[in-house]
Structures are given as C-alpha cells and as structure tokens.
Amino acid sequence: MSKLVVVVGATGGQGLSIVMAFLSEPGYKVRGITRNPNSEKAKALTAKGVEMVQGELGDPTSLERAFEGAHIIFGMTDYYEAFYKHGKDIAIETEFGYGRNLADAAAKISTLKHYCWSTLPPTDAITEGKAIVPHFEGKSKVDKYIKEHLPDLYNKTLFFIFTIFTDNFVLYDIFKPIWIAAAQKWIQFAPTDPQTPYTSIGDHKVNSGIFVRAALRNPDIKPGTYVYCNVDTYTFESFLALWGVASGVSPTAGSTKVIQLSPEEYISLFGQMGEEIVSQWAFFGFLKANGIERPLGDAVVPGLALLNDEDKAQLVSTEESLRQMDWSGY
C-alpha cells in the first residue's frame, strides 16, 4: 500500500517542491492542502495526480480532516502575509498560532510516522533577547511547543532549516539591484559588511523537497534533529557579482557593488522591512562576535551529507536558478 504524504501549502514554493519530490518517488501518494482547491495552480497539481483538499491554518478541524491517514506531513507557515498587514508583533503570534494548529492536528493522526516542520533558529533564546529576528521567532516557538507539549509528536518530528531562497532577489524590492549611471554599476544596499557570508538553498521550489525526501530515507536520523538545507555559500559581494553574470545584466568584472549602510540608515530607507532585514544580520553578527558556531548545538545535520549522487544531480544551484529567471525588466 502506498504511503500518504500530506503537504501544507502545496501550491507555494516550498510545498510544491515537496509535492514534486514525492510524486516521483515509488510507493508514495501525495495529498496537497490549499485554501482554494479550485485555483489554477491547484488544478494543475490535480492533473499531475495530486489529491488536492481544502484546509485553513486558522481552522484546526479542516487540518485534522486534511491530515487523515497521513504517513508523512510537511508543515510550514508564512510570516510575511500577516507582517505586511499588521506588523511584526501580530505576525509572530499569527505564525505561532498557525504552527501550533498544525502540530496539534498532526498529533491526533494515528497513522503518522514523520512530521516535517519548516523552521528557523530561536533567536530570542540563543541571544538572550539581544538580537531577535521576528521572522524566525514564530516558527521557532512552534519547535518549543512541540517539544514541551506534544512529546509523542516530537518523537516523530524532523526540523528543516532552509537557507536563503534565490527567488528572494526578485520577490522583494528591498533586495533588487539599482543602476547608478554615474558610477556605471549595479549596486545593492546591505546593513552588514559586503564580505558577510551569504548562504543559499538555490531554487527552493526544487531543492527543498530533495532535502526532505533524503532525510526521510535515512534511518539514522533521530527525531528532534535539525536538517540544515544549504546548497551554496557566497558573500554579499560575490553573490551580487554572480547575479550580474548569471542574469547577463552586468557580466563585466567590477560592474556590481554592495554598499554597506548602518542599521539606522538602512531602516530609514526601507522602513519596517528594513528593520526586519537588519534584525536578521544583527543575529548572525551576534553569533560571530560571540564565537557561537553551533547555535542549535549538536542536534544539526548538514542536509548535503544526506544526499546521494542522484539527489545531488537534481539540485538546482543558485547560479542556475538565477540563469532561469526572467531579467528582461533590467
């Protein structure tokens, strides 16, 4: 009998990646959860053989119904929808509430063997409140909730940390390069040193699922493990240069440049989204300044170490992901 994989947010980037990874895996059938099963994206997945069902993260009953019979559940939440409408404080609590609903519903499924939760580090706890990243906190509070309140589910849970999506470069205006004619350069502003490491999962719409599938195939990974999913590591400066070459927009050496701004200058330019980005790089700066190399301790495994040669061949690198995007607007 085929094992049922249920994917939250099946029509989005992460969710779609999980769906496609298991559709191609013998012995599995896939059920996708979406707010609107009649959307064009949902219909396209139905045509591929995915069972699409309606579910709302704010409606626990709909989640329990959608999870029924699941062997594997992939859960995720979106911070930015609530952030843009209501600001960071409400967004954190909204995301935590949705993640808690998912965990509570998953804990009631007797057939469940693996719960996969897309999360980020608990910055408040790690830094003792000195460098809190709002878009990390709602997710990480769910980790703590599962561990402290749902021990049976915790013993079935793997936590996945996905690094920066290449798509962010086009999805968020704050990251888009700006042409400065007088300098003959494409520039990007950053609230950190241009030589700061910049980690990238590459194309998350493909690679996320490859990491999850590989982790679930590995019998040696213990529940409660964090799987760190990263494909490439650059610096801010080298990533922008890569964009110039891969996009074809600015392939000449020296034609791109990252300009460091102070946190105050960055926030004055970009407002609440600027504050959000400043907080992220302040957290990473805190880790470096305090010599914290393993903020989650020994419970972390590098995702690349779990991949076989076939998995690695399927990954879409950051460079290839950039090449595939439409840069005609530039």
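The structure reproduced in this document is the subject of the present report.

How each quantity is defined
Residues numbered from 1 in each chain as written. Predicted model: local features only at pLDDT ≥ 70, side-chain atom pairs only at ≥ 80, totals over all residues. Heavy atoms only, no water. Core = buried A, V, L, I, M, F, W, Y, C linked by side-chain atoms within 4.5 Å. Buried < 20%, exposed > 50% of the residue type's maximum accessible area, 1.4 Å probe, protein only. Helix = DSSP H or I, 4+ residues; strand = E, 2+ residues; numbered from the N terminus. Contact = heavy atoms within 4.5 Å. Phe/Tyr/Trp six-rings, centres within 6.5 Å; stacked < 30°, edge-to-face > 60°. Pairing = 2+ DSSP bridges. Axes fitted to C-alpha atoms, helices over the stretch in contact; angles between N-to-C directions. 1 Å grid on protein atoms, 1.4 Å probe; cavity = no way out; pocket = protein on both sides within 12 Å on 5 of 7 lines; lining within 4 Å. Points joined across faces, edges and corners; volume = space filled by probe spheres on them.

## Points about the nonpolar core
Part 1 of the reasoning: Membership of the largest hydrophobic core comes to 38 residues, with the highest contact counts inside it found for Phe-67, Ile-73, Leu-102, Tyr-115, Ile-146 and Leu-153.
Part 2 of the reasoning: Those elements giving two or more residues to this core turn out to be β1 (3-8), α3 (60-67), α5 (88-107), β5 (114-118), α7 (134-149), α8 (151-154), β6 (157-162) and α12 (263-289).
Part 3 of the reasoning: Looking at this core, the element that brings in the most residues is α5, giving five residues.
Part 4 of the reasoning: With residues near it in sequence (within four places) discarded, Phe-67 still touches Val-6, Val-8, Arg-31, Ile-33, Ile-73, Leu-102, Ala-105, Ala-106 and Ile-109.

## Describing the packing of aromatic side chains
Part 1 of the reasoning: Counted under the stated rule, the structure contains 31 aromatic pairs.
Part 2 of the reasoning: Residues Phe-283 and Phe-284 carry aromatic rings whose centres are separated by 5.4 Å and whose planes lie at 50 degrees to one another, so their mutual orientation is tilted.
Part 3 of the reasoning: With relative accessibility at 33%, the residue Phe-284 sits in the partly exposed group.

## Examining the sheet that holds strand β9 (residues 185-190)
Part 1 of the reasoning: Spatial ordering of the open sheet is given by β8-β9-β13, a layout of three strands whose pairing is mixed. A single partner strand is all that each edge strand has here, and the edge strands are β8 (178-180) and β13 (256-260). Neighbour-to-neighbour, the strand axes of the sheet open up by a mean angle of 40 degrees, direction not taken into account.
Part 2 of the reasoning: Sheet topology note: the β9/β13 ladder contains five bridges and is parallel.

## Here we look at the layout of surface pockets
Taking a probe equal in size to a water molecule and rolling it over the atoms shows the remaining empty space.
Part 1 of the reasoning: Looking at the second largest pocket, its volume works out to about 380 Å³.
Part 2 of the reasoning: Lining of the second largest pocket is provided by 15 residues; of these, Pro-122, Ser-140, Asp-143, Lys-144 and Tyr-226 occupy positions nearest its centre.
Part 3 of the reasoning: Elements with a contribution of two residues or more to the lining of the second largest pocket: α6 (123-127) and α7.
Part 4 of the reasoning: For the lining of the second largest pocket, the element with the most residues is α7, which contributes six residues.

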